[in-house]
Amino acid sequence: MSTNGKEKNVKLLILGSGPAGLSAALYGARAELAPVVLTGTQLGGQAALTFTIENYPGFPEGVGGAQLGELFQKQAEHFGATVEFDTAHEVDLSQRPFKVVTDNGEYKAGTLIITTGASPNHLRIEGETELTGRGVSYCATCDGWFFKDKKVVVVGGGDSALEEGLFITRYASSVTIVHRRDELRASPILQKRAREHPKVNFIWNTVVTEVIGGEKVEALRLKNVKTGEETIIETDGLFIFIGHKPNTEMFLGQLEMSDLGYITVNDKMETNVAGVYAAGEAADPHFRQVVTSAGMGAAAAIQATRFLEAETG
Ligand code: NAP
């Protein structure tokens, strides 16, 4: 890596430090590309906010999300990757080397792997923004502890809602899962655990339409989507797990993406711009697992290596 003032030239720049980014860094480092990883605002990505990951192979007892992220990082650094606590906020992909402007300076990158992940969706209802951090949360691992012996409502019917809801039972006196249908999307194993848990109960065919409170969350207005009936339930907390939106706004107009904002890649993780790859949740609307993101990241780095090798002959 050569440095010209605050501009740094790198062969491989990786945006994001989740499983995809750090796996790409491991493979890029072992290919002697001396990759630089820009962590983004969340070191370790969303996986690092998960209390226990039970489905990453090699850890039969499960592994802490943050711990797994640290192991990924350590392994990538061991082979020569550099992890920078920095965030990209502007890219120019119109010519190589690609220009990436960050909080701390500017990079010129021969190849770029985008693993910027995804952020939780919001309900966009009255009171939600005002009471975020005062009872409304999108992260059980971060905030579950604050609800010791308190009543909590969880919105969503997917893996996140059930997994996080079950996690909150460690602290809360009760966890009520409010779902807009009468059928869950979550995997059977999580459904079974949630249905059998004595602290968990369900309200079906129902949406939350308003968060009520002053200094903190006090109650929620609910609406039954079948009957239209409205009710108010008292609660101390509202956890929202209704899916994610890819963090790809920065690439709008420069990279092809789906209507939902997922970067379009082929089976080699190549985007429509030669030398730019995308992996993990920024490019994956289908699987979004730690293991699949890690696999995509590795594939992207292998392809970036081949691209650079073909160039130098
Ligand atoms: P998800 O699978 O997309 O589920 C989102 C849930 O929120 C759905 O039940 C959906 O209802 C509901 N929803 C969406 N918009 C809503 C709204 N405006 N109001 C009320 N409810 C709304 O998202 P996720 O649970 O975050 O999971 C994302 C991916 O990560 C999935 O592929 C999942 O398998 C994976 N994941 C896996 C694990 C694990 O393996 N342990 C853990 C967490 C996440 P409908 O069902 O009616 O659409």
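The structure presented is a predicted model; accordingly, all values stated were derived computationally and were not measured. (Residues numbered from 1 in each chain as written. Predicted model: local features only at pLDDT ≥ 70, side-chain atom pairs only at ≥ 80, totals over all residues. Heavy atoms only, no water.)

### Structural notes on the overall build of the protein chain
When you go through the protein chain residue by residue, the secondary structure sums to 6 helices and 20 strands. Whereas a compact globule of 313 residues would reach a radius of gyration of roughly 20 Å, the protein chain reaches 21 Å, a difference of no more than 12%. Considering only contacts in the protein chain between residues 6 or more positions apart, those separated by 24 or more positions represent 58%. (Helix = DSSP H or I, 4+ residues; strand = E, 2+ residues; numbered from the N terminus. Rg over C-alpha atoms; globule rule 2.2 N^0.38 Å. Contact = heavy atoms within 4.5 Å.)

### Re the sheet that holds strand 17 (residues 230-234)
One open sheet accounts for 3 strands, arranged 15-16-17; its pairing is antiparallel. The open sheet has two free edges, formed respectively by strand 15 (206-213) and strand 17, since each of these has just one partner strand. Sheet twist, expressed as the average angle between the axes of neighbouring strands with direction ignored, equals 25 degrees. Pairing of strand 16 (residues 217-224) with strand 17, which is carried by 5 bridges, proceeds in the antiparallel orientation. Within the sheet, the bridge partner assigned to L222 lies in strand 17 and is T231. (Pairing = 2+ DSSP bridges. Axes fitted to C-alpha atoms, helices over the stretch in contact; angles between N-to-C directions.)

### So, the site of the ligand
With respect to spatial proximity, 19 residues lie near the ligand, and among them N55, D159, S160, R181 and R185 are the closest. The contact in question runs from an oxygen atom of the ligand to an N or O atom on the backbone of G158, over 3.3 Å. One nitrogen or oxygen atom from the side chain of R185 is found 2.6 Å from an oxygen atom belonging to the ligand. Protein chains shield 79% of the accessible area of the ligand, which is 920 Å² for the free molecule. Looking at which element gives the most residues to the shell around the ligand, the answer is helix 4 (residues 159-168), with 3 residues. (Near = heavy atom within 4 Å. Polar contact = N/O pair within 3.5 Å; in protein donor to acceptor, adjacent residues only side chain to side chain. Areas by Shrake-Rupley, 256 points an atom, 1.4 Å probe, with all protein chains shown as cover.)

### Concerning the pairing of strand 12 (residues 151-155)
Each regular strand shows side chains that alternate between the opposite faces of the sheet. Among the 5 residues of strand 12, 4 are classified as buried, and the element is accordingly described as predominantly covered. One crossover worth recording links strand 12 to the parallel strand 13 (residues 174-178) by way of helix 4, and it is right-handed. For strand 12 and strand 18 (residues 237-240), the ladder comprises 4 bridges, and the chain directions are parallel. Across the sheet, V153 pairs through a bridge with L238, a residue of strand 18. (Buried < 20%, exposed > 50% of the residue type's maximum accessible area, 1.4 Å probe, protein only. Right-handed = clockwise from strand over helix to strand, strands pointing away.)

### Focus on the domain arrangement of the protein chain
In many reports, interface size means the accessible area that the parts give up when they come together. As assigned here, the protein chain comprises domain 1 (7-119 + 244-312) and domain 2 (122-240). Listed per partner, the contact involves 5 residues of domain 1 and 8 residues of domain 2. Of the roughly 550 Å² buried between domain 1 and domain 2, counting both surfaces, carbon and sulfur atoms make up 52%. The interface formed by domain 1 and domain 2 includes 1 salt bridge. For E54, the salt bridge identified is with R193, shortest N-O distance 3.2 Å. Counting across the domain 1 and domain 2 interface gives 3 residue pairs in polar contact (both at pLDDT 80 or more). (Domains from an automatic or database assignment. Buried area = accessible area lost by both parts, 1.4 Å probe. Salt bridge = Lys/Arg side-chain N within 4 Å of Asp/Glu carboxyl O.)

### Overview of the pattern of salt bridges
In this structure the tally under the stated criterion is 7 salt bridges. Between K108 and E7 there is a salt bridge, with the nearest N and O atoms lying 3.5 Å from each other. Taken together, the residues span a long stretch of sequence, with K108 in strand 9 (residues 106-114) and E7 in strand 2 (residues 7-15) at a distance of 101 residues. Of the charged contacts in the structure, one is a salt bridge between E249 and K245, with a shortest N-O distance of 2.7 Å. For K245, a relative accessible area of 39% gives the class partly exposed. Connected through shared salt-bridge partners, E210, R221 and E230 make up one network.

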